[in-house]
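Here is what each chain is made of, one letter per residue.
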Amino acid sequence: MSTLDTLGRPLRSLRISVTDRCNLRCHYCMPEDEYLWLPREDVLSFEEVSALADLFGDMGVDRIRLTGGEPLLRRDLPSLIAQLARKPWLTDLALTTNGVLLADAAAELRQAGLHRLTVSLDTLRADRFLALARRESLPAVLSGIDAARRAGFTDLKIDSVITRGDNDDELGDLLEYGRAVGAEVRFIEYMDVGGATRWRPEAVVSRAEILSRLADQYGPIQPLPSPPSAPADRFQLPDGLAFGIIASTTQPFCRTCDRARLTADGVLLLCLYAQHGTDLRRPLRAGASRDTLLNLLRAVWRGRANRGAEERRGARDRGSYIPLSVLKRDAHLEMHTRGG
Ligand code: SAM
Ligand code: SF4
């Protein structure tokens, strides 16, 4: 029997951040000039990640997504993917990347056994890309998406965070690009997670607004069925093109959230908004037995009451979630440390 948390939610999905480093500086995630990085010696080895993954498998996890920071910056990532892909309990192994290094990596990722790939792409305009991510990397990302298709990633997704005045006039262009490259686009509402120090309610383009703008452009939009614990609600245009919206800010899905997160240094987080986590690295490195670690995991999950996005929605005078001074003291609160 799987362990349930205080709201009756099982643990099924794990996001593993493999590095907190990144080669972009997206305005909604890493807007500052300086960051405090995790000490290198604290970052889990692939053997440690694999050992912890097995414990999560015992807890009922059958889906893993690798993320970061930028996961393709982690040296020899395909060897971790190969280790994870061999786990008999794993039914879905996915990776979220900004795509900058994907052109050279796609074929190897596929050969290593990666099932699915999501590429984050917020704009198709080079000048905007530079303004929004502070690097001239749009051509590299577009080549990466081409390479992923050629490598055989058929279930390709493109995630676009939509922010007012930045890229909210590109909804149709992004959908048409997705259509052309055979990838399903998912629009993500701007979230006030740690790291999003410039977040303000006016910058959020809500699911309702995205749908109404697309309906103006394309005609009536129909909802499509999606599994209850899936973060994206799916829709289709009158011509049948499917797309998703992840409405974590205006319509959070906390009640069905079955995921946990593991930071690159082995801290277990029960929610994207959690301010504290459980350090699994120390007991693992101290030689704790599998049973001891599993009991710890079960106890932590049983006590889980987190519904961070719902609580944030109810917050008054909502501004950025964690003050910059606090973020500067604790790298674990950053979005790029906990993964998206
Ligand atoms: N670097 C990789 C990437 O960008 O795909 C993986 C890590 S990134 C933290 C994972 C996802 O989180 C990306 O799709 C990114 O757009 C999203 N993200 C980061 N900050 C966000 C915010 N404030 N609101 C909504 N999504 C955000
Ligand atoms: Fe952008 Fe992802 Fe890097 Fe954050 S971690 S700055 S979302 S590329």
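Residues numbered from 1 in each chain as written. Chains lettered and ligands numbered in written order. Predicted model: local features only at pLDDT ≥ 70, side-chain atom pairs only at ≥ 80, totals over all residues. Heavy atoms only, no water.

A. Region of interest: the overall build of the protein. Within the protein, the regular secondary structure consists of 12 helices and 12 strands. Viewed in the frame of its principal axes, the protein has a C-alpha envelope of about 60 × 50 × 40 Å. Put simply, the protein has 340 residues, and 57% of those count as buried. Summarising the internal contacts of the protein: among those between residues at least 6 apart in sequence, 73% fall at separations of at least 24. Taken as a whole, the protein presents about 14300 Å² of accessible surface, with 50% of it coming from carbon and sulfur. One way to put it: in the protein the 47 positive side-chain charges average out to a point 4 Å from where the 46 negative ones average out. (Helix = DSSP H or I, 4+ residues; strand = E, 2+ residues; numbered from the N terminus. Buried < 20%, exposed > 50% of the residue type's maximum accessible area, 1.4 Å probe, protein only. Contact = heavy atoms within 4.5 Å. Areas by Shrake-Rupley, 256 points an atom, 1.4 Å probe, with all protein chains shown as cover. Lys, Arg positive; Asp, Glu negative; His and termini not counted. Charge placed at Lys NZ, Arg CZ, Asp CG, Glu CD.)

B. Just the site of ligand 2, in detail. If you check the shell around ligand 2, you find Cys-22, Leu-24, Cys-26, Tyr-28, Cys-29, Met-30, Gly-69 and Asn-98 and nothing else. Broken down by class, the residue content of the shell around ligand 2 amounts to 6 nonpolar, 2 polar and no charged. (Near = heavy atom within 4 Å. Nonpolar A, V, L, I, M, F, W, Y, C, P; charged D, E, K, R; others polar.)

C. Inspection of the sheet that holds strand E7 (residues 222-224) at higher detail. Spatial ordering of the open sheet is given by E7-E8-E9-E6-E5-E4-E3-E2-E1-E10-E11-E12, a layout of 12 strands whose pairing is mixed. Only two strands of the sheet have a single neighbouring strand rather than two, namely E7 and strand E12 (278-279). Of the strand pairs in this sheet, strand E2 (residues 63-67) and strand E3 (residues 92-97) are connected by 4 bridges, and their pairing is parallel. The residue of E3 that forms the bridge with Arg-63 is Asp-92. On top of the sheet, helix H6 (residues 171-181) reaches strand E5 (156-162), strand E6 (184-189) and strand E9 (242-246); it is set at about 150 degrees to E6, its chief contact. (Pairing = 2+ DSSP bridges. Axes fitted to C-alpha atoms, helices over the stretch in contact; angles between N-to-C directions.)

D. Geometry of the environment of Arg-198. One can find Arg-198 in the loop between E6 and helix H7 (207-218). Along the backbone, Arg-198 and Tyr-28 are 170 residues apart, and their C-alpha atoms lie at a distance of 7.0 Å. Here Pro-31 takes part through its backbone oxygen, which lies 3.2 Å from a polar atom of the side chain of Arg-198. (Polar contact = N/O pair within 3.5 Å; in protein donor to acceptor, adjacent residues only side chain to side chain.)

E. Looking closely at the pairing of E2. Burial analysis of E2 places 4 of its 5 residues in the buried class, which makes it a mostly covered element. Summarising the sheet, strand E1 (residues 13-17) and E2 pair through 5 bridges and their orientation is parallel. What sits directly across from Leu-14, in E2, is Ile-64. Handedness of the β-α-β unit built from E1, helix H1 (residues 46-59) and E2 comes out right-handed. Of the crossover connections in this fold, the one passing from E2 over helix H2 (residues 77-85) to the parallel E3 is right-handed. (Right-handed = clockwise from strand over helix to strand, strands pointing away.)

F. Summary view of the site of ligand 1. As a structural note, the neighbourhood of ligand 1 is formed by 19 residues, with Tyr-28, Gly-69, Thr-96, Ser-120 and Met-191 the closest of them. Interatomic distance of 3.0 Å between a backbone N/O atom of Gly-69 and a nitrogen atom of ligand 1. Relative to its unbound accessible surface of 540 Å², ligand 1 loses 94% to contact with the protein. Where the shell around ligand 1 is concerned, the elements lending two or more residues are E3 and E6. Considering only residue class, the shell around ligand 1 consists of 9 nonpolar, 8 polar and 2 charged.

G. Main features of empty space enclosed by the protein. Applying the stated rule across the entire model yields 1 cavity of 30 Å³ or more. There is about 40 Å³ of room inside the largest cavity. Considering the residues around the largest cavity, the lining is formed by Ile-16, Ser-17, Val-18, Leu-44, Val-49, Arg-74, Leu-262, Thr-263 and Ala-264. Of the residues belonging to the lining of the largest cavity, the class tally is 6 nonpolar, 2 polar and 1 charged. (1 Å grid on protein atoms, 1.4 Å probe; cavity = no way out; pocket = protein on both sides within 12 Å on 5 of 7 lines; lining within 4 Å. Points joined across faces, edges and corners; volume = space filled by probe spheres on them.)

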